[in-house]
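# Residue-level structural notes
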Amino acid sequence: MEEVRIDKFLWAIRVFKTRSDAAEACRTGKVLVGGTVAKSSKQIRKGDMIEVRKGAVHYQYQVLEPVDKRQGAQLVSGYALDITPQYELDKLSAPNETIFLKRDRGSGRPTKRERREIDRLLDNLG
């Protein structure tokens with residue numbers, strides 16, 4: 001197989017759980033091939049460089065062999081080389097620097113007074 005659609009390839013090498021997830025990532029501009037945004041119908045071939053943004057991490061892959069059938073996890077390394085820089089992978093283990101305010105389920109939206117308290121708390125942190 002010389003060429004394969006990018007959405008099929010990303011699904012086959014287990015970057016995305018479903019092919020529709022891969023197509024959605026292409027549609028929203030989260031997949032780059034050779035530095036340009038790729039539509040889901042973009043044909044890729046051996047040697048192409050793919051960048052996929054999932055959350056805060058920008059994964060990078062080099063196509064070793066195009067494939068359109070879903071592969072087992074152990075076989076993926078024969079079709080794509082993961083060349084994601086270590087500093088990108090470190091973002092996965094970095095602590096979240098956001099504050100999460102927990103509200104009891106069913107308590108509804110915050111009142112105006114509670115909203116002011118939340119805003120005051122957030123202003124003191126930042």
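About the thresholds
Residues numbered from 1 in each chain as written. Predicted model: local features only at pLDDT ≥ 70, side-chain atom pairs only at ≥ 80, totals over all residues. Heavy atoms only, no water. UniProt positions renumbered as here; feature names shortened; annotations may be inferred. Helix = DSSP H or I, 4+ residues; strand = E, 2+ residues; numbered from the N terminus. Buried < 20%, exposed > 50% of the residue type's maximum accessible area, 1.4 Å probe, protein only. Lys, Arg positive; Asp, Glu negative; His and termini not counted. Salt bridge = Lys/Arg side-chain N within 4 Å of Asp/Glu carboxyl O. Contact = heavy atoms within 4.5 Å.

The name given to the protein in an unreviewed UniProt entry is RNA-binding S4 domain-containing protein, and the organism recorded there is Candidatus Egerieousia excrementavium. The UniProt entry for the protein carries this comment under Sequence similarities (unreviewed entry): "Belongs to the HSP15 family."

It is worth spelling out the UniProt feature "domain: RNA-binding S4" (unreviewed entry) in the protein at this point. Per the UniProt record, "domain: RNA-binding S4" (unreviewed entry) is found at residues 4-60. Along residues 4-60 the backbone is 28% helical and 33% strand, and the end-to-end C-alpha distance reaches 18 Å.

Turning next to the side chain of Asp-48. When you line up the elements, Asp-48 lands in the loop between β4 (43-44) and β5 (49-54). No salt bridge is formed by the buried Asp-48; its nearest oppositely charged neighbour, Arg-45, is found at 5.3 Å. Those residues in contact with Asp-48 that sit more than four places away from it in its chain are Val-33, Gln-43, Tyr-61, Gln-62 and Val-63.

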